[in-house]
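Fold and geometry: a report
Residue strings, one per chain:
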Amino acid sequence: MAMKIWILVFLFSFSVFTFSQNLVKNPSFEEFVECPNSLGTFNEHVVDWSTPTKGTTDYFNSCSIVMGAPENFNGIQHPKYGNAYAGLYFFAPADYREYVQVELSKMLEKNKTYRLKFYISLAEGSDFAVKDFGVLFSYHPIDLETKKHLSKGRLYSTKG
């Protein structure tokens, strides 16, 4: 059984072991509509990606002075690949959270082995850190009117 999958969270590589083909569209956020010039513009600027909640994920790119990479208001972080990366709050006061999601370029197939790989770096300007986080596979993109933690109850109430 094949299924169309959306991935939620910060991803760079999702591949089948035998072919080593990346199934994530725009995996390093290199394709963008315009150079970011303010906070919270990930949803508007990054091609193929979106934010599943009302959280305001940031987009950093070396083309920008304000939202630059590697250097910006949060510190210095060189992109793992290319010129861009996403900036997310995995946890902040009042249970505020940010997420990103992308549709895979190909359906996943039952009984095949896949490898999920991504890179995360804690910004120097961070007040909090998390010790773990999750990834969600869904049949449909998520679109929820919240800026808080995506609980099982909230997720079960969607079409996913």
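Residues numbered from 1 in each chain as written. Predicted model: local features only at pLDDT ≥ 70, side-chain atom pairs only at ≥ 80, totals over all residues. Heavy atoms only, no water.

Section: the confidence of the model for the protein chain
- With 86% of its residues at a pLDDT of 70 or more, the protein chain shows a mean pLDDT of 85.
- Considering only residues more than four positions removed or in separate chains, one finds that residues 1-18, a stretch of pLDDT under 50, has 99 contacts. (pLDDT = per-residue confidence, 0-100. Contact = heavy atoms within 4.5 Å.)

Observations regarding the nonpolar core
- Within the largest apolar cluster, 14 residues are counted, with the highest numbers of intra-cluster contacts made by Phe-29, Phe-42, Val-46, Trp-49 and Tyr-59.
- Residue contacts for Tyr-59: discarding those within four places in its chain leaves Phe-29, Phe-32, Pro-36, Thr-41, Phe-42, His-45, Val-46, Met-67, Ala-84 and Tyr-85.
- Tyr-99, Leu-144, Leu-150 and Leu-155 belong to the second largest nonpolar core, which has five residues in total. (Core = buried A, V, L, I, M, F, W, Y, C linked by side-chain atoms within 4.5 Å. Buried < 20%, exposed > 50% of the residue type's maximum accessible area, 1.4 Å probe, protein only.)

Re the pairing of strand β5 (residues 58-61)
- Burial of the side chains of β5 extends over both faces: Asp-58 and Phe-60 are buried on one face and Tyr-59 and Asn-61 on the other.
- By the bridge criterion, four bridges tie β5 to strand β8 (residues 84-87) in an arrangement that is antiparallel. When the sheet's bridge partners are listed, Phe-60 is paired in β8 with Tyr-85. (Helix = DSSP H or I, 4+ residues; strand = E, 2+ residues; numbered from the N terminus. Pairing = 2+ DSSP bridges.)

Brief notes about a nonpolar patch on the surface
- Taken together, the side chains of Phe-91, Ile-120, Phe-128, Val-130 and Phe-133 define a hydrophobic patch exposed on the protein surface, amounting to about 420 Å² of accessible area.
- When you line up the elements, Phe-133 lands in the loop between β11 (114-117) and β12 (136-138). (Patch = residues over 30% accessible without salt bridge, like charges linked within 9 Å, V, L, I, M, F, W, Y side chains within 5 Å. Areas by Shrake-Rupley, 256 points an atom, 1.4 Å probe, with all protein chains shown as cover. Salt bridge = Lys/Arg side-chain N within 4 Å of Asp/Glu carboxyl O.)

Quick word on the layout of surface pockets
- There is about 920 Å³ of room inside the largest pocket.
- Along its surface, the largest pocket is lined by 37 residues, and Gly-87, Leu-88, Ser-121, Ala-123 and Ser-126 are the ones closest to its centre.
- Broken down by secondary-structure element, the contributors of at least two residues to the lining of the largest pocket are β5, β7 (75-76) and β8.
- Examining the composition of the lining of the largest pocket, we find that three residues originate from one element, β8, more than from any other. (1 Å grid on protein atoms, 1.4 Å probe; cavity = no way out; pocket = protein on both sides within 12 Å on 5 of 7 lines; lining within 4 Å. Points joined across faces, edges and corners; volume = space filled by probe spheres on them.)

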